[in-house]
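# Analysis of the macromolecular model
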Amino acid sequence: LSHDLTDLIQSNIVEDIRTLYEPNWSRRGMWNKSYYEARVPRVPTMLLELLSHQNFADMKYGLDPSFRFTVSRAIYKGMLKYLSNRYGVRYTVQPLPVSAMGAAFGNDGKAVISWTETVDEVEPTAVPAGFILHTRIDNGGFDNGKVVKALKGADGRYSVEVPFEKGHIYSYRVTAYNDGGKSFPSETMSIGMPEDCDNFKKVLVVNNFDRISGPAF
């Protein structure tokens, strides 16, 4: 059982890295050794060693947050597929976070929240079944969210209209969900209108910083 778990996790890691980052990523061997951490637990167990601190190319990937997310998700998928094979049940991988969030003024005192579904290039089951909208008013906390019936436009963007009152700042997050669970939340979008303004001018705020990486090399 531990061999099956190890093989599935390693296969998912190698396949995802080869698809998204490095086509020539090496698949190394699996050891059957009497390590205490793997020998004592009475459950399927594996020890994972992925990167070397002495390898410069490894560290370029190891310090990249998006690479770490991909590998962590591959480990999760390997565990999920192991359980699926072990108990003979179908699996569904949770969807990726939505992207390209937006919030704008609509008609009749409503705000329009929009986003784009993120397609998982390496997992066909990770398709959202729906979306949950989480709301925060002023400095309060986010609520538990409500399932929304979002409309999909010709440009592929989803949108939903929500009411808001003047004099408050409303903040929104969106999570995608399916039978496998919920995605991580989107970035936060905020919108607000002063209470005593009739002929107000709109201000557009653009988040143009969406690059994440490790140190320059």
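See the structure printed just above.
The following refers to the structure shown.

Cut-offs applied
Residues numbered from 1 in each chain as written. Predicted model: local features only at pLDDT ≥ 70, side-chain atom pairs only at ≥ 80, totals over all residues. Heavy atoms only, no water. Helix = DSSP H or I, 4+ residues; strand = E, 2+ residues; numbered from the N terminus. Core = buried A, V, L, I, M, F, W, Y, C linked by side-chain atoms within 4.5 Å. Buried < 20%, exposed > 50% of the residue type's maximum accessible area, 1.4 Å probe, protein only. Patch = residues over 30% accessible without salt bridge, like charges linked within 9 Å, V, L, I, M, F, W, Y side chains within 5 Å. Areas by Shrake-Rupley, 256 points an atom, 1.4 Å probe, with all protein chains shown as cover. Salt bridge = Lys/Arg side-chain N within 4 Å of Asp/Glu carboxyl O. Expected span 1.5 Å × (residues − 1). Contact = heavy atoms within 4.5 Å. 1 Å grid on protein atoms, 1.4 Å probe; cavity = no way out; pocket = protein on both sides within 12 Å on 5 of 7 lines; lining within 4 Å. Points joined across faces, edges and corners; volume = space filled by probe spheres on them. Nonpolar A, V, L, I, M, F, W, Y, C, P; charged D, E, K, R; others polar.

Below, the discussion takes up the environment of V203. Tracing the backbone shows V203 in the segment after β9 (189-192). Separated by twelve residues in sequence, V203 and I191 place their C-alpha atoms 9.9 Å apart.

Our next topic: the nonpolar core. One finds I113, W115, F131, L133 and Y172 to be the most contacted residues of the largest nonpolar core, which totals 20 residues. Contributing elements (two or more residues each) for this core: β2 (110-116), β3 (130-137), β6 (157-163), β7 (169-178) and β9. Broken down by element, the residue count for this core peaks at four residues, all from β7. Core analysis: the second largest hydrophobic core is formed by twelve residues, L5, V71, A74 and Y82 among them.

Attention now moves to unusual backbone geometry. Positive phi values are uncommon outside glycine, yet D108 reaches one of about 60 degrees. With respect to the helices and strands, D108 occurs in the loop between β1 (99-105) and β2.

Okay, a nonpolar patch on the surface next. On the surface, a cluster of nonpolar side chains totalling about 390 Å² of accessible area is made up of W31, Y35 and L47. Topologically, Y35 is positioned in the loop between α1 (2-20) and α2 (36-39). According to the relative accessible area criterion, Y35 is partly exposed, its value standing at 40%.

With that out of the way, let us pick up helix α4 (residues 65-87). Side chains of residues three or four places apart in an α-helix project in the same direction, reflecting 3.6 residues per turn. When the terminal C-alpha atoms of α4 are compared, their 33 Å separation across 23 residues agrees well with the 33 Å that a helix rising 1.5 Å per residue should span. Every buried residue of α4 is accounted for by F67, T70, V71, R73, A74, K77, G78, K81, Y82 and S84. Those residues of α4 that are buried are in contact with α1 and α3 (56-62). G88 occupies a position one or two residues after α4 and carries a positive phi of about 65 degrees.

Glancing now at the layout of surface pockets. By volume, the largest pocket amounts to about 1500 Å³. In terms of lining, the largest pocket is formed by 43 residues, of which the most central are V98, S99, A100, M101 and E187. Secondary structure elements with two or more residues in the lining of the largest pocket: α1, α4, β1 and β9. Broken down by element, the residue count for the lining of the largest pocket peaks at seven residues, all from β1. Residue composition of the lining of the largest pocket, by class: 24 nonpolar, ten polar and nine charged. Lining of the second largest pocket is provided by 34 residues; of these, Q10, G29, M30, L47 and E49 occupy positions nearest its centre. No other element matches α1, which puts six residues into the lining of the second largest pocket. Of the residues belonging to the lining of the second largest pocket, the class tally is 16 nonpolar, eleven polar and seven charged.

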